[in-house]
Amino acid sequence: MSGWLLGLLLVAGAGGIAYIRLAPSDPKAWHVDLAAGGLPAHAHVFCIRPDNRYGPIQGDPKALLEKLDAIALATPRTVRLAGSPDEGRITWVTRSGLMGYPDYTTAQVMEGPGLCIAGRQRFGSNDWGVNARRIGGWVQELLGLNEPPEMTGF
């Protein structure tokens, strides 16, 4: 392989990595209403609902969302993209350590009272369970469980 072709491939690879790390996150695309549906099939979802063993929520669901916000923001490489506990919906961006791939997690107070959390990746169609593990860890801490729960879906 000639030197210029190898150099071109290296520049293209560096450009791809830079795009992944520096591409802006549009809140309109990621801070979505979970009740409206439309999540990708590969999204990982956990819900606290009156009809499952985790619900109903006792007390103010927005207070639980506020506690979840603190847990999320204590996670390495995680920042709030949009929303607030008062709004009843928050979306965070968590970037992977090596490549900086962004994953988006949205938590929303739902009818019931309930709280649903959905995680999805921006690039690719398989995250190897990274979002499910993150959400499970957050919920474990949020609810004081002995182990991370299985994803419940909606």
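**A short note on the side chain of Thr105**
Next, step 1: As for its placement among the helices and strands, Thr105 is situated in strand E4 (residues 102-110).
Next, step 2: Filtering out sequence-adjacent residues up to four positions away, Thr105 remains in contact with Ile90, Thr91, Trp92, Ile117, Ala118, Gly119, Arg120, Asn131, Arg134, Ile135 and Trp138.

**Re the state of the cysteines**
Next, step 1: The full count for this structure, using the stated rule, is one disulfide.
Next, step 2: Here Cys47 is linked by a disulfide to Cys116, with a sulfur-sulfur distance of 2.0 Å. Taking the sign of the S-S torsion, 115° for the link of Cys47 and Cys116, the bridge is right-handed. Here Cys116 lies in strand E5 (residues 114-121) and Cys47 lies in strand E1 (residues 44-48), a separation of 69 residues in the sequence.

**Concerning the pattern of salt bridges**
Next, step 1: Following the criterion strictly, the structure yields three salt bridges and no others.
Next, step 2: The partner of Asp51 in a salt bridge is Arg49, and the shortest N-O contact between them spans 2.7 Å.
Next, step 3: Overall, Asp51 belongs to the exposed group, its relative accessible area being 62%.
Next, step 4: The exposure class assigned to Arg49 is partly exposed, which follows from its relative accessible area of 22%.
Next, step 5: The partner of Arg134 in a salt bridge is Asp103, and the shortest N-O contact between them spans 3.0 Å.

**A closer look at the sheet that holds strand E2 (residues 78-84)**
Strand pairing in a sheet is mediated by backbone hydrogen bonds. Such pairs are either parallel or antiparallel.
Next, step 1: Across the sheet, five strands lie side by side as E1-E5-E4-E3-E2; this open sheet has antiparallel pairing. Looking at which strands have only one partner, the edges of the open sheet turn out to be E1 and E2. Neighbour to neighbour, the strand axes of the sheet diverge by 15° on average, direction disregarded.
Next, step 2: Along the sheet, helix H3 (residues 61-73) contacts E1, E2, strand E3 (89-95), E4 and E5; its crossing angle with E3, the most-contacted strand, is approximately 15°.
Next, step 3: Where helix H4 (residues 130-143) meets the sheet, it contacts E1, E2, E3, E4 and E5, and its direction lies at approximately 150° from that of E5.

**Some details on H3**
Next, step 1: In this model H3 runs 18 Å from its N-terminal to its C-terminal C-alpha over 13 residues, within 8% of the 18 Å that 1.5 Å per residue would give.
Next, step 2: Turning to H3, its buried residues number three or more, namely Pro61, Leu64, Leu65, Leu68, Asp69, Ile71 and Ala72. Projected down its long axis, H3 carries its buried residues within an arc of 165°, all on one side. Turned more than 90 degrees from where H3 packs its buried face, Glu66 and Ala70 sit exposed.
Next, step 3: Buried-residue contacts for H3 involve E1, E2, E3, E4, E5 and H4.
Next, step 4: Looking at where H3 begins, the residue whose side-chain oxygen comes 3.1 Å from the main-chain nitrogen of Lys62 is Asp60.

**Here we look at the environment of Leu145**
Next, step 1: Its place among the elements puts Leu145 in the segment after H4.
Next, step 2: Leu145 has contacts with Tyr54, Val139 and Gln140, leaving out every residue within four places of it along the chain.

About the thresholds
Residues numbered from 1 in each chain as written. Predicted model: local features only at pLDDT ≥ 70, side-chain atom pairs only at ≥ 80, totals over all residues. Heavy atoms only, no water. Helix = DSSP H or I, 4+ residues; strand = E, 2+ residues; numbered from the N terminus. Contact = heavy atoms within 4.5 Å. Disulfide = S-S within 2.5 Å. Salt bridge = Lys/Arg side-chain N within 4 Å of Asp/Glu carboxyl O. Buried < 20%, exposed > 50% of the residue type's maximum accessible area, 1.4 Å probe, protein only. Pairing = 2+ DSSP bridges. Axes fitted to C-alpha atoms, helices over the stretch in contact; angles between N-to-C directions. Expected span 1.5 Å × (residues − 1). Arc of directions from axis to C-beta. Polar contact = N/O pair within 3.5 Å; in protein donor to acceptor, adjacent residues only side chain to side chain.

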